[in-house]
Every structure is written in structure tokens, then in C-alpha cells.
Amino acid sequence: QVQLVESGGGLVQAGGSLRLSCGASGRTFSTYCVGWVRQAPGKEREFVAAINWLGWTYYYGSVKGRFNISRENAKNTVDLQMNSLTPEDTAVYFCAANSRSLSYYVSDYEYWGQGTQVTVSS
């Protein structure tokens, strides 16, 4: 199976940038779809971005042009570069893996990291 560990969260001023990283292990990781999902206080988990083993990507509409997801299979790493951050981006960000198809659906992701906090101040 797959184990995931996120890093790179922190406090940033509005307009700033952060780069999140997800480290993964597992024999089949390179063929898995990997996504970033966020959860703000009092809110449901929300899909942010995903990438499959071919490098095809999906993005949530509000992050297109600001966030970029990338992966390096040889390093077992998936990154999320976040630019032009706003307070509305404040949330715990989870790395999640899906053994099925590239998906927008949070419920399709079966492996989860512990999350990393991103806080954007005004």
C-alpha cells in the first residue's frame, strides 16, 4: 500500500507563495493518481488538484493559474506550488492517493497523509 507525508505548510502574507511537498512510498505509487485536498475550519474537504502517472492534471477552478501540481516518480514526490495566495486559501492541505482514475471526487482517494497547515494573513 501507499504511505504519504506532507510538508511545506506555514504562515504567509496574502500575495505570497508556498510550495507543499508530498513524499510517498509503495510499489505501485508511480501508477497512482495523487491529489491535494484541503479542509478549512467548519468546512468539508475540498478537491484542489490532482495528477496521474502520465502527468495529466485536474484543478479546482479558483486555483487555476495560481497553483501548479507536479510529480517526479523517481523521487516519489508530488509538489503543489501555490502562488498569489489569499486568506480564502487557508486550510489544512492533505496529500491523497487514488489507485483508480484521475478524479475530482474526494471519496475516490483511499490513502491519506496527516495534512499540513497553510495560513494566509491579510
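Higher on the page you've got the structure.
Cut-off values and rules
- Residues numbered from 1 in each chain as written.
- Predicted model: local features only at pLDDT ≥ 70, side-chain atom pairs only at ≥ 80, totals over all residues.
- Heavy atoms only, no water.
- Helix = DSSP H or I, 4+ residues; strand = E, 2+ residues; numbered from the N terminus.
- Buried < 20%, exposed > 50% of the residue type's maximum accessible area, 1.4 Å probe, protein only.
- Contact = heavy atoms within 4.5 Å.
- Pairing = 2+ DSSP bridges.
- Axes fitted to C-alpha atoms, helices over the stretch in contact; angles between N-to-C directions.
- Core = buried A, V, L, I, M, F, W, Y, C linked by side-chain atoms within 4.5 Å.
- Salt bridge = Lys/Arg side-chain N within 4 Å of Asp/Glu carboxyl O.
- Polar contact = N/O pair within 3.5 Å; in protein donor to acceptor, adjacent residues only side chain to side chain.

A. Main features of the overall build of the protein chain. Along the protein chain, the regular secondary structure elements total zero helices and 11 strands. Principal-axis analysis of the C-alpha atoms gives the protein chain an extent of 40 × 25 × 25 Å. Buried positions account for 43% of the 122 residues belonging to the protein chain. Considering only contacts within the protein chain whose residues lie at least 6 apart along the sequence, 58% involve residues at least 24 apart.

B. Representation of unusual backbone geometry in the model. In this structure, N76 takes a positive phi of about 55 degrees despite not being glycine. Within the fold, N76 resides in the loop between strand 7 (67–72) and strand 8 (77–82). Residue classification places N76 among the partly exposed positions, given a relative accessible area of 29%. Notably, S84 is not glycine yet its phi reads approximately 50 degrees, a positive angle.

C. Structural view of the sheet that holds strand 8. Pairing is antiparallel in the open sheet, where four strands are placed in the order 1-3-8-7. Unpaired on one side and paired on the other, strand 1 (3–7) and strand 7 mark the two borders of the sheet. Here the average twist between neighbouring strands, direction ignored, is 15 degrees. Bridge count between strand 3 (residues 18–25) and strand 8: six bridges; the pairing is antiparallel.

D. Layout of the nonpolar core. W36, L80, M82 and Y93 are the most contacted members of the largest nonpolar core, which totals 29 residues. If you list the elements that add at least two residues to this core, you get strand 3, strand 4 (33–39), strand 5 (46–51), strand 7, strand 8, strand 9 (91–98) and strand 11 (116–121). Counting six residues, the second-largest nonpolar core is a separate cluster that includes A50, A96, L102 and Y109.

E. Structural view of the side chain of S103. Take S103: it is sitting in the loop between strand 9 and strand 10 (111–112). When residues no more than four places from it in sequence are discounted, the contact partners of S103 are F47, A50, Y58, N98, D108 and Y109.

F. Highlighting the pattern of salt bridges. Applying the stated criterion to the full structure yields five salt bridges. When the shortest N-O distance is used, the salt bridge between R19 and D79 registers 3.0 Å. Separated by 60 residues along the polypeptide, R19 in strand 3 and D79 in strand 8 bring together distant segments of the chain. For D79, a relative accessible area of 14% gives the class buried. Across the pair D89 and R66 runs a salt bridge whose closest N-O atoms are separated by 2.8 Å. Separated by 23 residues along the polypeptide, D89 in the loop between strand 8 and strand 9 and R66 in the loop between strand 6 (57–59) and strand 7 bring together distant segments of the chain.

G. The arrangement of the environment of Y104 in detail. Tracing the backbone through its elements, the reader meets Y104 in the loop between strand 9 and strand 10. Taking the C-alpha atoms as reference points, Y104 and A49, separated by 55 residues in sequence, lie 8.0 Å from one another. Excluding anything up to four places from it in sequence, Y104 contacts F47 and Y58.

H. Here's a closer look at the side chain of N98. Within the secondary structure layout, N98 lies in strand 9. Side-chain polar atoms of N98 contact the backbone oxygen of S101, separated by 2.5 Å.

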